[in-house]
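# Geometric and topological summary
Chain by chain, the residues:
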Amino acid sequence: MMKQAFLLLGTNLGDRNKNLLSAMQYIAGDEIEVEQTSSIYETAAWGKTDQQNFLNQVIEISTNLSSTALLEKILAIEKQIGRIRKEMWGERIIDIDILYYANEVIKSQRLVIPHTYLHERRFTLEPLHEIAPNFVHPVFNKTTSSLLNECKDLLEVKKITQ
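Report on the accompanying structure. (Residues numbered from 1 in each chain as written. Predicted model: local features only at pLDDT ≥ 70, side-chain atom pairs only at ≥ 80, totals over all residues. Heavy atoms only, no water.)

### Section: the packing of aromatic side chains
Counting across every chain of the model gives three aromatic pairs. Measuring from ring centre to ring centre gives 5.1 Å for F6 and F135, while their planes differ by 70°; the resulting arrangement is edge-to-face. With F6 in strand β1 (residues 3-11) and F135 in the loop between α3 (122-131) and α4 (144-150), this residue pair connects regions lying 129 residues apart in the sequence. Geometrically, the ring pair formed by Y100 and F135 is tilted, given 4.5 Å between the ring centres and 45° between the ring planes. With a gap of 35 residues between them, Y100 in strand β5 (residues 95-101) and F135 in the loop between α3 and α4 connect regions that are remote in the sequence. Of the aromatic side chains, those joined through ring pairs into one cluster are F6, Y100 and F135. (Phe/Tyr/Trp six-rings, centres within 6.5 Å; stacked < 30°, edge-to-face > 60°. Helix = DSSP H or I, 4+ residues; strand = E, 2+ residues; numbered from the N terminus.)

See below:
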(Lines give C-alpha, C1' and ligand atoms only; values in the text may rest on other atoms or scores of the structure.)
Protein backbone atom coordinates (compact mmCIF):
# COMPACT_ATOMS: atom_id res chain seq x y z
CA MET A 1 0.00 0.00 0.00
CA MET A 2 1.41 3.39 -1.01
CA LYS A 3 1.94 5.98 1.72
CA GLN A 4 2.26 9.73 1.32
CA ALA A 5 5.39 11.34 2.73
CA PHE A 6 7.04 14.75 2.59
CA LEU A 7 10.81 15.18 2.38
CA LEU A 8 12.93 18.29 2.83
CA LEU A 9 16.04 18.54 0.65
CA GLY A 10 18.79 20.96 1.65
CA THR A 11 22.29 21.79 0.42
CA ASN A 12 24.92 24.49 0.93
CA LEU A 13 28.09 23.02 -0.60
CA GLY A 14 29.22 22.75 -4.21
CA ASP A 15 26.73 23.13 -7.06
CA ARG A 16 23.63 23.44 -4.90
CA ASN A 17 21.12 23.21 -7.77
CA LYS A 18 22.83 20.08 -9.09
CA ASN A 19 22.82 18.56 -5.60
CA LEU A 20 19.04 19.00 -5.34
CA LEU A 21 18.52 17.56 -8.81
CA SER A 22 20.76 14.57 -8.05
CA ALA A 23 18.86 13.87 -4.84
CA MET A 24 15.55 14.01 -6.70
CA GLN A 25 16.84 11.60 -9.36
CA TYR A 26 18.05 9.11 -6.74
CA ILE A 27 14.79 9.37 -4.77
CA ALA A 28 12.50 8.71 -7.75
CA GLY A 29 12.61 4.99 -8.40
CA ASP A 30 10.90 1.64 -8.18
CA GLU A 31 9.54 2.13 -4.69
CA ILE A 32 9.12 5.90 -4.61
CA GLU A 33 7.06 8.17 -6.86
CA VAL A 34 7.63 11.92 -6.70
CA GLU A 35 4.15 13.48 -6.67
CA GLN A 36 4.95 17.19 -6.25
CA THR A 37 7.94 19.45 -5.80
CA SER A 38 8.04 22.91 -4.29
CA SER A 39 9.99 25.78 -5.71
CA ILE A 40 13.59 26.08 -4.55
CA TYR A 41 14.18 28.51 -1.69
CA GLU A 42 17.37 30.11 -0.43
CA THR A 43 17.92 30.80 3.26
CA ALA A 44 20.69 31.60 5.67
CA ALA A 45 21.92 28.68 7.73
CA TRP A 46 19.81 27.79 10.77
CA GLY A 47 21.33 26.59 14.04
CA LYS A 48 24.97 27.06 13.00
CA THR A 49 25.02 30.38 11.17
CA ASP A 50 28.68 30.81 10.12
CA GLN A 51 28.30 29.02 6.79
CA GLN A 52 27.06 29.50 3.25
CA ASN A 53 23.34 29.91 2.51
CA PHE A 54 21.23 26.83 1.87
CA LEU A 55 18.96 25.90 -0.98
CA ASN A 56 15.90 23.99 0.23
CA GLN A 57 13.03 22.22 -1.47
CA VAL A 58 10.16 20.06 -0.24
CA ILE A 59 8.92 17.09 -2.23
CA GLU A 60 5.81 15.00 -1.78
CA ILE A 61 6.29 11.31 -2.48
CA SER A 62 4.26 8.13 -2.52
CA THR A 63 6.05 5.00 -1.40
CA ASN A 64 5.44 1.41 -0.43
CA LEU A 65 8.56 1.50 1.78
CA SER A 66 8.13 1.45 5.54
CA SER A 67 9.30 4.58 7.36
CA THR A 68 12.46 2.77 8.47
CA ALA A 69 13.20 1.49 4.96
CA LEU A 70 12.63 5.02 3.62
CA LEU A 71 15.13 6.37 6.16
CA GLU A 72 17.70 3.73 5.09
CA LYS A 73 17.19 4.63 1.42
CA ILE A 74 17.59 8.35 2.17
CA LEU A 75 20.79 7.78 4.17
CA ALA A 76 22.19 5.70 1.28
CA ILE A 77 21.31 8.47 -1.20
CA GLU A 78 23.01 11.11 0.96
CA LYS A 79 26.13 8.93 1.06
CA GLN A 80 26.04 8.36 -2.75
CA ILE A 81 25.90 12.12 -3.34
CA GLY A 82 28.87 12.60 -1.01
CA ARG A 83 27.50 13.62 2.37
CA ILE A 84 29.94 13.33 5.25
CA ARG A 85 28.46 13.87 8.71
CA LYS A 86 30.85 16.04 10.74
CA GLU A 87 28.78 18.19 13.08
CA MET A 88 25.15 18.90 13.87
CA TRP A 89 23.69 21.59 11.60
CA GLY A 90 27.02 21.92 9.80
CA GLU A 91 27.53 22.50 6.10
CA ARG A 92 26.58 19.64 3.81
CA ILE A 93 26.42 18.68 0.19
CA ILE A 94 22.93 17.21 0.74
CA ASP A 95 20.52 16.70 3.58
CA ILE A 96 17.26 14.79 3.18
CA ASP A 97 14.82 14.87 6.08
CA ILE A 98 11.54 13.01 6.42
CA LEU A 99 9.06 15.67 7.53
CA TYR A 100 5.94 13.51 7.52
CA TYR A 101 5.21 9.87 6.79
CA ALA A 102 1.46 9.68 6.14
CA ASN A 103 -0.13 10.90 9.36
CA GLU A 104 1.98 8.64 11.55
CA VAL A 105 3.75 9.65 14.74
CA ILE A 106 7.01 7.74 15.18
CA LYS A 107 9.51 8.14 18.02
CA SER A 108 12.48 5.81 18.04
CA GLN A 109 16.21 6.22 18.57
CA ARG A 110 16.77 6.43 14.80
CA LEU A 111 13.65 8.20 13.59
CA VAL A 112 11.28 10.90 14.80
CA ILE A 113 8.27 11.75 12.63
CA PRO A 114 6.92 14.38 12.28
CA HIS A 115 10.34 15.99 12.09
CA THR A 116 11.24 17.47 15.49
CA TYR A 117 11.92 21.04 14.30
CA LEU A 118 9.45 21.24 11.41
CA HIS A 119 7.18 23.80 13.09
CA GLU A 120 10.12 26.02 14.16
CA ARG A 121 11.77 26.42 10.76
CA ARG A 122 10.46 28.88 8.20
CA PHE A 123 12.79 27.36 5.56
CA THR A 124 10.84 24.12 5.96
CA LEU A 125 7.37 25.58 6.31
CA GLU A 126 7.50 27.94 3.31
CA PRO A 127 8.16 25.23 0.67
CA LEU A 128 5.87 22.77 2.49
CA HIS A 129 3.11 25.38 2.49
CA GLU A 130 3.52 25.83 -1.25
CA ILE A 131 2.59 22.19 -1.98
CA ALA A 132 0.62 21.13 1.13
CA PRO A 133 -0.97 24.14 2.86
CA ASN A 134 -3.79 22.05 4.31
CA PHE A 135 -1.78 19.02 5.47
CA VAL A 136 -2.46 18.54 9.19
CA HIS A 137 0.44 17.99 11.60
CA PRO A 138 -0.57 14.80 13.45
CA VAL A 139 0.78 15.95 16.83
CA PHE A 140 -0.25 19.63 16.89
CA ASN A 141 -3.41 19.05 14.84
CA LYS A 142 -2.68 22.22 12.84
CA THR A 143 -2.39 22.77 9.09
CA THR A 144 0.85 23.84 7.45
CA SER A 145 -0.76 27.26 6.93
CA SER A 146 -1.42 27.62 10.65
CA LEU A 147 2.07 26.46 11.57
CA LEU A 148 3.60 28.96 9.14
CA ASN A 149 1.46 31.80 10.51
CA GLU A 150 2.57 30.94 14.05
CA CYS A 151 6.26 30.39 13.21
CA LYS A 152 8.57 32.69 15.18
CA ASP A 153 11.61 32.02 12.95
CA LEU A 154 12.62 35.34 11.39
CA LEU A 155 15.19 34.04 8.88
CA GLU A 156 14.42 35.29 5.39
CA VAL A 157 13.23 32.58 3.02
CA LYS A 158 13.61 33.67 -0.59
CA LYS A 159 11.96 31.78 -3.46
CA ILE A 160 14.48 31.50 -6.30
CA THR A 161 12.66 29.18 -8.75
CA GLN A 162 9.07 28.38 -9.60
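### Overview of unusual backbone geometry
For the bond from I113 to P114, the omega torsion is 0°, close enough to zero to count as cis. Mapped onto the secondary structure, P114 falls in the loop between β7 (112-113) and α3. Although it is not a glycine, A102 sits at a positive phi angle of roughly 55°. Of note, A102 is situated in the loop between β5 and β6 (106-107). Of the residues examined, A102 reaches a relative accessible area of 16% and is grouped as buried. In this structure, N141 takes a positive phi of about 55° despite not being glycine. With respect to the helices and strands, the residue N141 is situated in the loop between α3 and α4. (Buried < 20%, exposed > 50% of the residue type's maximum accessible area, 1.4 Å probe, protein only.)

### Notes on the pattern of salt bridges
Any two side chains of opposite charge can pair, so long as their charged atoms come close to each other. By the definition in use, this model includes six salt bridges. A salt bridge links E126 to R122, with the shortest nitrogen-to-oxygen separation between them at 3.7 Å. Residue E126 and its partner R122 are located together in helix α3, separated by four residues, close to a single helical turn. With a shortest N-O distance of 2.8 Å, K142 and E150 are connected by a salt bridge. Looking at E150, the relative accessible area reads 43%, which means it is partly exposed. (Salt bridge = Lys/Arg side-chain N within 4 Å of Asp/Glu carboxyl O.)

### Thoughts on the pairing of β5
Summarising burial for β5: seven of the seven residues are buried, a large majority. Where β1 and β5 come together, six bridges link them in antiparallel fashion. Bridge pairing links L7 to I98 in β5. (Pairing = 2+ DSSP bridges.)

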